[in-house]
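Chain by chain, the residues:
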Amino acid sequence: QVQLVESGGGLVPPGGSLRLSCAASGNIFSINVMGWYRQAPGKERELVAAISNTSRTNYADSVKGRFTISADNAWNTVFLQMDSLKPEDTAVYYCNALRTVGFIRTYWGQGTQVTVSS
């Protein structure tokens, strides 16, 4: 089992920055992809960014060039650096851990609120 806890959300004006953190615990050895999703009111949850254990990254077109995903060397923390924030970035951001080899497993954090408003 893997537990994920997000932090770093808050209120920021347009153009500002935030860095989200996701602390992973448990059997993280089995995880090979970690990522961030977000869900805005009235919208479906969408992938924001993902990083593999080989340091490959993937970003949603809407955030590419503004957001950066990274993980520490121990693979127990994943970060999402968010720059040039826009009001449409307002959402609950969820950390996700995924195992794509062998038995597929996915885990979710509880989410952290990001609000971009003046």
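Worth saying up front: this structure is predicted, and the values here are computed from it rather than measured.

Asker: Looking at this structure, how should I read the sheet that holds strand β8 (residues 77-82)?
Answerer: Working definition: the strands of a sheet are paired by backbone hydrogen bonds and lie parallel or antiparallel to each other. Strand order across the open sheet formed by four strands is β1-β3-β8-β7, with antiparallel pairing between neighbours. Two strands lie at the open edges of the sheet, namely β1 (2-7) and β7 (67-71), each paired on one side alone. Going across the sheet, the axis of each strand differs from the next one's by a mean of 15 degrees, ignoring polarity. Note: strand β3 (residues 18-26) against β8, six bridges, orientation antiparallel. Bridging from a neighbouring strand, A23 pairs with T77 of β8.

Asker: Can you walk me through the environment of T77 in this structure?
Answerer: Along the chain, T77 turns up in strand β8. Along the chain, T77 and R56 lie 21 residues apart, while their C-alpha atoms are 16 Å from each other. For T77, the contacting residues outside a window of four places in its chain are C22, S70, A71 and D72. Polar side-chain contacts of T77 include one of 3.4 Å to the side chain of N76.

Asker: Please explain the pairing of strand β11 (residues 112-116) as it appears in this structure.
Answerer: Successive residues of a regular strand alternate their side chains across the two faces of the sheet. Judged by which residues are buried, β11 turns out to be one-sided: T112, V114 and V116 face inward and are buried, whereas Q113 and T115, on the alternate face, are not. Here strand β2 (residues 10-12) runs beside β11; their pairing, made up of three bridges, is parallel. Opposite L11, over in β11, you have T115 as the bridge partner. Across three bridges, strand β9 (residues 91-99) lies against β11 in antiparallel orientation. The residue of β11 that forms the bridge with A91 is V114.

Asker: Help me out: how do you make sense of the pattern of salt bridges in this one?
Answerer: Between side chains of opposite charge, a pair can form when the charged atoms approach closely. Evaluated as defined, the whole model comprises three salt bridges. The partner of E46 in a salt bridge is R38, and the shortest N-O contact between them spans 2.8 Å. Residue E46 is classed as partly exposed on the basis of its relative accessible area, which comes to 34%. Using a relative accessible area of 6% as the deciding quantity, one classes R38 as buried. Across the pair D89 and R38 runs a salt bridge, and its minimum N-O distance is 2.9 Å. With D89 in the loop between β8 and β9 and R38 in strand β4 (residues 33-39), this pair connects stretches of sequence that are 51 residues apart. With respect to class, D89 is no different from R38; both count as buried. Where salt bridges share partners, they join R38, E46, R66 and D89 into one cluster.

The rules behind each value
- Residues numbered from 1 in each chain as written.
- Predicted model: local features only at pLDDT ≥ 70, side-chain atom pairs only at ≥ 80, totals over all residues.
- Heavy atoms only, no water.
- Pairing = 2+ DSSP bridges.
- Helix = DSSP H or I, 4+ residues; strand = E, 2+ residues; numbered from the N terminus.
- Axes fitted to C-alpha atoms, helices over the stretch in contact; angles between N-to-C directions.
- Contact = heavy atoms within 4.5 Å.
- Polar contact = N/O pair within 3.5 Å; in protein donor to acceptor, adjacent residues only side chain to side chain.
- Buried < 20%, exposed > 50% of the residue type's maximum accessible area, 1.4 Å probe, protein only.
- Salt bridge = Lys/Arg side-chain N within 4 Å of Asp/Glu carboxyl O.

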